Amino acid sequence: MTTINLKDYYPWYLTNEYIEVPDEVAAELRAGKLAEAARAERVRYNKAYYSLDCDDGIEYSACVHEPSPQELLERMDRFCHLWNALNSLPEIQGRRVDAHLILGKSYREIARDEGVDKSAVRSSVLCGIEAMKKYLRKNL
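Residues numbered from 1 in each chain as written. Predicted model: local features only at pLDDT ≥ 70, side-chain atom pairs only at ≥ 80, totals over all residues. Heavy atoms only, no water.

A. How the structure looks around the overall build of the protein. Helix and strand counts for the protein stand at 7 helices and 2 strands. Going from the N terminus to the C terminus, the protein shows its helices and strands as β-α-β-α-α-α-α-α-α. Over its C-alpha trace the protein gives a radius of gyration of 32 Å, far above what one expects of a compact globule, namely 14 Å for 140 residues. Oriented by its inertia axes, the alpha-carbon framework of the protein measures out at about 85 × 40 × 25 Å. By the burial criterion, 17% of the 140 residues in the protein qualify as buried. (Helix = DSSP H or I, 4+ residues; strand = E, 2+ residues; numbered from the N terminus. Rg over C-alpha atoms; globule rule 2.2 N^0.38 Å. Buried < 20%, exposed > 50% of the residue type's maximum accessible area, 1.4 Å probe, protein only.)

B. View of the confidence of the model for the protein. Looking at the protein, pLDDT values average 88 and 90% of them are 70 or higher. By mean pLDDT, the top-scoring element of the protein is helix H7 (residues 118-139) (95), and the lowest-scoring one is helix H3 (residues 58-63) (66). (pLDDT = per-residue confidence, 0-100.)

C. Representation of the packing of helix H5 (residues 91-102) against helix H6 (residues 107-114) in the model. One way to put it is that H5 packs onto H6 with a least axis distance of 9 Å and a crossing angle of 135 degrees. One element, H5, and the other, H6, form an angle in the oblique class. Crossing angle aside, the handedness with which H5 passes H6 is right-handed. Contacts between H5 and H6 involve Arg95, Arg96, Ala99 and His100 on the former and, on the latter, Tyr107, Ile110 and Glu114. Of the residues belonging to the contact of H5 with H6, the class tally is 3 nonpolar, 1 polar and 3 charged. (Axes fitted to C-alpha atoms, helices over the stretch in contact; angles between N-to-C directions. Parallel < 35°, antiparallel > 145°, perpendicular 65-115°, else oblique. Left-handed = near helix turned anticlockwise from the far one by under 90°. Contact = heavy atoms within 4.5 Å. Nonpolar A, V, L, I, M, F, W, Y, C, P; charged D, E, K, R; others polar.)

D. Geometry of the side chain of Gln93. Mapped onto the elements, Gln93 comes out in helix H5. Overall, the relative accessible area of 15% leaves Gln93 in the buried class. A distance of 3.2 Å separates the side chain of Gln93 from the backbone oxygen of Ser124, its partner in a polar contact. If we ignore the near neighbours within four places in the chain, the residues touching Gln93 are Ser124, Cys127 and Gly128. (Polar contact = N/O pair within 3.5 Å; in protein donor to acceptor, adjacent residues only side chain to side chain.)

This is how it looks when you write it as structure tokens:
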């Protein structure tokens, strides 16, 4: 049995209050106290005094970048150039590039859907990407 001071573990005890507890309980209380001290030290060391778990919008504004009107205009312009480059490809090649890059399908899935060989799809997509690069170099 170990004697502990309840004032050390519970903040509502204002005076010293000693009791005897089993050794296992004393070890758990000591481990909890050490864990609290370690957490407090990590907070101090990392200067992490504010939690992003609160509901006042801090975490949203810290994690989400609100684009400026200039950035939105540049994004729209880039999208139009990419759309025109994709539309400059032949129909089958454009469909395959779209399925692979935009829809995220694998070469095997595209080949199965179209009933062709996987290597034909792969070469078509790679040639389509090269053609899009040439189009963008020429028109930018």
